[in-house]
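# Fold and contact review
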Amino acid sequence: EVQLVESGGGLVQSGGSLRLSCTASGFSFRSYAVGWFRQVPGKERVKVSCIKKTHDDTDYHTSVEGRFTVSMDNAKNTMYLQMTNLKPEDTGVYYCGAYGQWDWCPTARHASYLGFWGRGTQVTVSS
């Protein structure tokens, strides 16, 4: 079956670091745009980062530029999000999505149903 599983979330203090993982099964990330999205109850979903379909470029939400790094391990079929200098506003459930029809990930509001979507991992950053 096709599945995306996120892991690596947890509770950290401001300024701390976490490394999230998104592992695909049933398909390969190759030739898919793959991204991370953050959801907070009562707030708009945010596209945190995306790896271009060709896997030769990345982009980031302005709020995480310089602090987060997205990467791909093709051998493990796993995407990572290395988060450093975490801030309370980074708190939320982080989901990964994979998309085969576009060069880049879709807008956050449509991301959960336009491709493959995971179950999320909770990240909580305390003050």
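Further up the page is the structure itself.
This text gives an overview of the structure that appears in the document.

Calculation rules
Residues numbered from 1 in each chain as written. Predicted model: local features only at pLDDT ≥ 70, side-chain atom pairs only at ≥ 80, totals over all residues. Heavy atoms only, no water. Disulfide = S-S within 2.5 Å. Helix = DSSP H or I, 4+ residues; strand = E, 2+ residues; numbered from the N terminus. Buried < 20%, exposed > 50% of the residue type's maximum accessible area, 1.4 Å probe, protein only. Patch = residues over 30% accessible without salt bridge, like charges linked within 9 Å, V, L, I, M, F, W, Y side chains within 5 Å. Areas by Shrake-Rupley, 256 points an atom, 1.4 Å probe, with all protein chains shown as cover. Salt bridge = Lys/Arg side-chain N within 4 Å of Asp/Glu carboxyl O.

### Quick notes on the state of the cysteines
- Per the stated rule, a full pass over the model turns up 2 disulfides.
- At a sulfur-sulfur separation of 1.9 Å, the disulfide partner of cysteine 22 is cysteine 96. For the disulfide bridge between cysteine 22 and cysteine 96, the dihedral angle about the S-S bond is near 65 degrees, and by the sign convention the bridge is right-handed. Of the two residues, cysteine 22 is situated in strand S3 (residues 18-25) and cysteine 96 in strand S9 (residues 92-99); the sequence distance between them amounts to 74 residues. One exposure class covers both cysteine 22 and cysteine 96, and it is buried.
- Cysteine pairing for the chain, with bonded cysteines counted in sequence order: 1-3, 2-4.

### A closer look at a nonpolar patch on the surface
- On the surface, Trp102, Tyr113 and Leu114 cluster together into a nonpolar patch covering about 310 Å² of accessible area.
- Considering the arrangement of structural elements, one finds tryptophan 102 in the loop between S9 and strand S10 (116-117).
- You can call tryptophan 102 partly exposed: its relative accessible area is 35%.

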